[in-house]
Amino acid sequence: MTTSSSGSQEAQAAQIASEKLQVPCDLYGLFVVEPLQLNVHVDGWIIFFLELARTLFLVAVNFSIQLLYVSRIHHLNRRNDGAQCGKENPYMQLVCVFVFTTSIFKELRSCGDLFELLLRCPVRENNGYINLGVGGGSASQQSHGVVLHAEGDVQPPKGFTDRLVQAAKLYRSGSKQHVWTLGSMTNLWKIFCLFFVAVPRSIICLLLLKVASGFVVRSSEETMVVDTVAALFIVDIGNFMYNAFTTNAVKQHLERMPALELQPSNCVRLMNFFLVNFMLPVVTIVFSVGIVWYLRQHCGPQADLFSALGTNSDASDLLAVFSWE
């Protein structure tokens, strides 16, 4: 009794100390998971190739559109160089860059979660680096594909008992809800997802942070808020495509996927606590002030950041909002 109770207490403590890493319900999570659920014996070769090509195409189009926006914004930055020197909008420059940087850091955290999910996800034993892992279906259930469900070969019943057994099997198979898993993950598919999805996504986020923050600072006072929202829109292009071009059934399968349970040490927990709660806000503020200061330092003696902050009337405008005049 003592051994069993101590074992149950240890299991409960491990469950409490565990952290769950959920598969993202977006275009990138779809690319990682859906090909592993395809089963050529259930879905057929046509659906297999069409669905695999569709996911590749959507991710490629998403990255291409984002890169097109990034290159266009970089061109506008070079054309509008000097527009950041206005004395009337330093506070708005700081606020808008801070809001945009916060959104980009949120996206970079999602990139980090995707990296961790791919690196920590267990793989099939003895699969090596040759088997891609797609097309064989989920490792837990082989009677399901992404689109179709295997009806099975039903043998004709030989008697009353066989009829009862067959009816019970059909009832149990129909009542069980099929759940997608990462049981078919292989090393080769991990590497493919890392280099085709996770790495390009992180690079585009960093490029967008570089060019779009300068674009926001160079915007006029009338269009600065709108330009900030437009820059934030670029990050969400993949979500728009996922919600528009994915069936409800696939979305529900992604949402029901079991999370990957992790057992982080206290050192990792403490590091994450200080990094997310304290370091990341400080880095965001320092970056926002630094980028505005850097872009305004060549604007002249009276148009640098700190001189413009001292002569700006944004504080008086804010107080005027609360007046009745």
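Now for a look at the structure at hand. All chains use their own residue numbering, which begins from 1 and follows the written sequence. Residue-level local features of this predicted model are given only where pLDDT is at least 70; pairs of side-chain atoms are given and counted only at 80 or more, and the full residue set underlies all totals for whole chains, interfaces and linings. Excluded from the side-chain calculations are hydrogens and water; all other atoms, namely the structure's heavy atoms, are used.

1. Observations regarding the layout of surface pockets
At step 1: Cavities and pockets are found on a 1 Å grid laid over the protein atoms alone: a cavity is a set of points where a 1.4 Å probe fits but cannot escape, a pocket is an open set with protein on both sides within 12 Å along at least five of seven lines, and a lining residue has an atom within 4 Å of such a point. Grid points are joined across faces, edges and corners, and a volume is the space filled by probe spheres set on the points. Of the voids in this model, the largest pocket is the one considered here, and its volume is about 520 Å³.
At step 2: What lines the largest pocket is a set of 19 residues, among which R109, D113, E116, N272 and V276 lie closest to the centre.
At step 3: Strands here are runs of E lasting at least two residues and helices are runs of H or I lasting at least four, both read from the DSSP assignment and numbered beginning at the N terminus. At the level of secondary structure, the elements contributing two or more residues to the lining of the largest pocket comprise β1 (19–21), α4 (90–120) and α10 (266–296).
At step 4: Amino acids outside the nonpolar list (Ala, Val, Leu, Ile, Met, Phe, Trp, Tyr, Cys, Pro) and the charged list (Asp, Glu, Lys, Arg) are all regarded as polar, and Gly is one of them. Among the residues making up the lining of the largest pocket, the classes are represented as 8 nonpolar, 4 polar and 7 charged.

2. Notes on the environment of Q66
At step 1: In this structure, Q66 sits in helix α3 (residues 45–79).
At step 2: For every residue, the accessible area obtained with a 1.4 Å probe (protein chains only) is divided by the maximum for its type, and the residue is called buried under 20%, exposed over 50%, and partly exposed between those limits. The buried category is assigned to Q66, whose relative accessible area is 5%.

3. Focus: the packing of aromatic side chains
The geometry of two aromatic rings is summed up by the distance between their centres and the angle between their planes.
At step 1: Stacked, tilted and edge-to-face are the three classes applied to pairs of Phe, Tyr and Trp rings, where Trp contributes its six-membered ring and a pair requires centres within 6.5 Å; stacked means planes under 30 degrees apart, edge-to-face means over 60, and tilted covers the rest. Counting across every chain of the model gives 14 aromatic pairs.
At step 2: Between the aromatic rings of F31 and W189, the centroid separation amounts to 5.7 Å while the plane-to-plane angle is 20°, which identifies the pairing as stacked. You can see F31 sitting in helix α2 (residues 27–37) and its partner W189 sitting in helix α6 (residues 187–217), a full 158 residues away along the chain. Grouping residues by exposure puts F31 and W189 together as buried.
At step 3: Residues Y69 and F233 carry aromatic rings whose centres are separated by 6.0 Å and whose planes lie at 90° to one another, so their mutual orientation is edge-to-face. With Y69 in helix α3 and F233 in helix α7 (residues 224–235), this residue pair connects regions lying 164 residues apart in the sequence.
At step 4: A relative accessible area of 35% places Y69 in the partly exposed class.
At step 5: On the basis of relative accessibility, which here comes to 34%, the residue F233 falls in the partly exposed class.

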